[in-house]
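Residue-level structure breakdown
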Amino acid sequence: MKKFDKGYIFSSLLSDLFGSLVIVFIFLKDFFLNDESNPEDIKAAIPFFVIGFSVVYLCFIVYRILYYKTSGYELTENEIKCNRGVLFRKRSVLDYQKVHAINKKQNLFHRIFGIAILTIDSGSTNTSHQAEITIIEKDKVADALLNELNLLKEGGTRNAENTQLKDELLLSDEDSLYSFTSGKKMLYTLINIASTAFFTALFVALTIIVLGICKLMIRQSFLGTWGQYFLYAFLITVGAMLLFSMFSLIGCLIHSFVGYYKFKITKRGNDIQISYGLLEKHINTFSYDRIKAVKITQGLVQRILGFAQVRLEVIGYTVNSGDDDKNAGLGVLVPFCKYNEIGEILGKVLPDYMPDEKQTKAVSYFPFVSWFLLVLGVVTGLVLVQLIATMMLFNVSTSVILTVALAVIVAGSVVFIVKALSAALSYQTNGLAVNNGKITAYYGGFIKNVTVFMSKNLIAAENVTTPLRQKAGVTSLVMHLKTNALSNEVKVHIQKDTLSDDIEKLLIL
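Bear in mind the structure is a predicted one, so any value in this text is a computation, not a measurement.

Rules behind the numbers
Residues numbered from 1 in each chain as written. Predicted model: local features only at pLDDT ≥ 70, side-chain atom pairs only at ≥ 80, totals over all residues. Heavy atoms only, no water. Helix = DSSP H or I, 4+ residues; strand = E, 2+ residues; numbered from the N terminus. Buried < 20%, exposed > 50% of the residue type's maximum accessible area, 1.4 Å probe, protein only. Contact = heavy atoms within 4.5 Å. Areas by Shrake-Rupley, 256 points an atom, 1.4 Å probe, with all protein chains shown as cover. Salt bridge = Lys/Arg side-chain N within 4 Å of Asp/Glu carboxyl O. Axes fitted to C-alpha atoms, helices over the stretch in contact; angles between N-to-C directions. Parallel < 35°, antiparallel > 145°, perpendicular 65-115°, else oblique. Left-handed = near helix turned anticlockwise from the far one by under 90°. Pairing = 2+ DSSP bridges. pLDDT = per-residue confidence, 0-100. Patch = residues over 30% accessible without salt bridge, like charges linked within 9 Å, V, L, I, M, F, W, Y side chains within 5 Å. Phe/Tyr/Trp six-rings, centres within 6.5 Å; stacked < 30°, edge-to-face > 60°. Core = buried A, V, L, I, M, F, W, Y, C linked by side-chain atoms within 4.5 Å. Expected span 1.5 Å × (residues − 1).

1. Let's talk about the overall build of the protein
Of the regular secondary structure elements, the protein holds 13 helices and 20 strands. Counting all 509 residues of the protein, 44% fall into the buried class. Sequence-distant contacts in the protein: of pairs separated by 6 or more residues, those separated by 24 or more amount to 61%. For the protein, the accessible surface area stands at approximately 26,600 Å², while carbon and sulfur atoms represent 65% of it.

Written out as structure tokens, the structure reads:
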């Protein structure tokens, strides 16, 4: 059995160096950040810091060496084997024909030492939180292994001629089916900034309205004159928008230009490969027939401006941790594009998953807000009665009681308005389309989602209703997919109850 590359030890210890400093500093921070600390106390604490750092770092060194000594992999004629672990040893064996996804990851430390991590997944829902096989090798060796494993999982044999042929095919210079260009990244950043500024302004405006009501009712002079009040309100709103927009700008620029650096999608035969990343480089490879669902998402501002993001549900696609400690989830297929371009992009990459137009729609608006309205009314009433009773008990002035009551009512009204708007968007969005074994589900309120999946991946359907809705012939339909346990539900609300019977006929048991 071949051991992992030694570069694993050096790259891990380089990252552990910073981790050890942080751990020791956390335990000894009171010696350095205490207001009562003086230079002599800090000087006396330095030896303890050095000793603590040495002990912690030595533990990391021992662990990394033991992990290297006890870990390795082997490619046989029919399967790949892998051993890894120190205290808890794990041995994995995976048949080539059951390989679901192959992902390559390189962070900054890996690239310094020229190594890469391959994670190979079977697609089992029982192990969707981790990859069955982990390989740590030199970058070029990892590329060769990735190409060879792609060949073997398609039924090829292990020989030098086939491997070289596959290398030439996969490593050929083909145009990307989608590129996340700098222009798209800047537009993506600006839309995220607009979203942040919009919701910040909305929150600040609501706060100002509530404070204005208090000023009007209680007639407090500490808020200044009405002119001063509105001037301060305007300045605070603009300041908050600029502050949060700046943080959003920095985060989005880093995320789009660094996280999605050289984002490309290529399709070769039955394989789809997605590569991206600057500081941490990812190359994710999976077969077309392993895809479980495609999800199109639009935030409120994106929805208004006509943009969207496309994600994939592929078990194992996003597992890229050599330590098996990261959950699998939805992988990004298209980070950002115009909504009307999705059909063209999916037509190139995933033609079977192009969304169909809605064949059904929500049949009633009121059920979207009925239970929420009832609960909100009861809670608001109870809070209002309790506050008024408490203030009357302490002989609080009538103006203060009226102000508090009005503030509670306004707050409840604002919450209801937001919910009513969300319900209106849900009413407009929810719907379903079934066409040739393909299901397209439309759902969501402020965030619109369109999920496309095949009926062969539908494993269960639930009919969720109430007595009143049952009399009206409406229901909410919950569909469970053959995919990750944490993201396997698709819910379409307030549809005709006869639709459940149609969906049940598509079940693959």
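So, next bit.
2. A word on the pattern of salt bridges
Following the criterion strictly, the structure yields 10 salt bridges and no others. Salt-bridge contacts for Lys2 lead to Glu137; the nearest nitrogen and oxygen are separated by 2.9 Å. One end of the pair, Lys2, is in strand β1 (residues 2–3); the other, Glu137, is in strand β7 (residues 133–138), with 135 residues separating them in the sequence. In this structure Glu137 comes out as buried when scored by relative accessible area, which is 4%. Across the pair Asp139 and Lys104 runs a salt bridge whose closest N-O atoms are separated by 2.6 Å. Taken together, the positions of Asp139 in helix α4 (residues 139–153) and Lys104 in strand β5 (residues 101–106) put the pair 35 residues apart, joining distant regions of the chain.

3. Some thoughts on the packing of helix α10 (residues 370–393) against helix α11 (residues 398–429)
Relative to each other, α10 and α11 sit at 165°, their axes nearing to 10 Å. Relative to α11, the element α10 is oriented roughly antiparallel. Like other packed secondary-structure pairs, α10 and α11 cross with a definite hand, here right-handed. When α10 is examined against α11, the residues Phe372, Leu373, Leu376, Thr380, Leu384, Leu387, Ile388, Met391 and Met392 are found in contact with a partner set consisting of Val400, Ile401, Val404, Ala405, Val408, Ile409, Gly412, Val415, Phe416 and Lys419.

4. A few points about the sheet that holds strand β11 (residues 281–287)
Read from one edge to the other, the open sheet built from 7 strands follows the order β7-β6-β5-β11-β10-β9-β8, with strand pairing classed as antiparallel. Edge positions in the sheet fall to β7 and β8 (178–179), since each has one partner strand and no second. With 6 bridges connecting them, strand β10 (residues 271–276) and β11 associate as antiparallel partners. Counterpart to Ile272 in the pairing with β11 is Phe286. Running at roughly 140° to β7, α4 makes contact with β5, β6 (115–121), β7, β10 and β11 of the sheet.

5. Re the sheet that holds strand β20 (residues 489–496)
Taken in spatial order, the 3 strands make up an open sheet running β18-β19-β20, and their pairing is antiparallel. Two strands bound the open sheet, and with one partner strand each, they are β18 (458–464) and β20. Shown here is a sheet whose adjacent strand axes are inclined to one another by a mean of 20°, direction ignored.

6. Things to note about the confidence of the model for the protein
The pLDDT averaged across the protein works out to 82; a share of 86% of its residues lies at or above 70. Looking at the elements of the protein, mean pLDDT is at its lowest for helix α5 (residues 160–170), recorded as 40, and at its highest for strand β16 (residues 438–443), recorded as 94. Note on residues 160–174: pLDDT is under 50 here. Beyond four places in sequence and across chains, it has 19 contacts. In the predicted structure, residues 318–329 sits below a pLDDT of 50 and forms 40 contacts with residues beyond four places in sequence or in another chain.

7. Quick notes on a nonpolar patch on the surface
On the surface, Leu231, Tyr232, Phe234, Leu235, Ile236, Val238 and Leu242 cluster together into a nonpolar patch covering about 720 Å² of accessible area. Considering the arrangement of structural elements, one finds Ile236 in helix α7 (residues 226–259). A residue is classified by how much of its surface remains accessible, and Ile236, at 53% relative accessible area, is exposed.

8. Topic: the packing of aromatic side chains
Within this structure, the stated rule accounts for 19 aromatic pairs. Judged by centre distance (6.2 Å) and plane angle (25°), the rings of Phe18 and Phe109 are stacked. In this pair, Phe18 is assigned in helix α1 (residues 7–33) and Phe109 in helix α3 (residues 108–112), connecting sequence segments 91 residues apart. When the ring of Phe368 is compared with that of Tyr427, the centres are 6.5 Å apart and the planes differ by 80°; the resulting orientation is edge-to-face.

9. A closer look at the environment of Ile291
Along the chain, the position of Ile291 falls in the loop between β11 and β12 (293–298). For Ile291, a relative accessible area of 2% translates into the label buried. Sequence spacing of Ile291 and Asn457 is 166 residues, and the spatial spacing of their C-alpha atoms is 9.7 Å.

10. A closer look at the environment of Leu387
Along the chain, the position of Leu387 falls in helix α10. Sequence separation of Leu387 and Val408 is 21 residues, and the distance between their C-alpha atoms is 9.6 Å. In contact with Leu387, not counting residues within four places along its chain, are Val404 and Val408.

11. Here's the deal with the pairing of strand β15 (residues 431–435)
Of the pairings in the sheet, the one linking β15 to β16 comprises 5 bridges and is antiparallel in character. Each residue of the ladder has a partner; that of Leu432, found in β16, is Ala441. The turn linking β15 back onto β16 is made up of 2 residues, and Asn436 within it adopts a positive phi angle of 55°.

12. Considering unusual backbone geometry
Unusually for a residue other than glycine, Asn395 sits at a positive phi of about 55°. Checked against the element boundaries, Asn395 lands in the loop between α10 and α11. A residue is classified by how much of its surface remains accessible, and Asn395, at 70% relative accessible area, is exposed. A positive phi angle, close to 50°, is found at Ile494, a residue other than glycine. Note on Ile494: relative accessible area 1%, which makes it buried.

13. What about the nonpolar core?
Membership of the largest hydrophobic core comes to 37 residues, with the highest contact counts inside it found for Phe263, Ile265, Ile272, Ile274, Leu312, Leu333 and Leu350. Listed by contribution, the elements that provide at least two residues to this core are α6 (182–218), β10, β12, β13 (307–313), β14 (330–338), α9 (342–349) and β17 (448–454). Element by element, the count of residues in this core is highest for β14, at 5 residues. When neighbours within four sequence positions are excluded, Leu333 is seen to be in contact with Phe263, Ile265, Ile274, Val310, Arg311, Leu312, Leu346, Val349 and Leu350. Counting residues in hydrophobic clusters, the runner-up holds 32 residues, among them Cys82, Leu94, Ala116 and Leu149.

14. Some details on α4
Its 15 residues give α4 an end-to-end C-alpha distance of 21 Å, which sits within 8% of 21 Å, the value for a rise of 1.5 Å per residue. For α4, the full list of buried residues reads Ala142, Leu145, Leu146, Asn147, Glu148, Leu149, Asn150, Leu151, Leu152 and Lys153. Just downstream of α4, Gly155 is the residue with a positive phi angle, here 100°.

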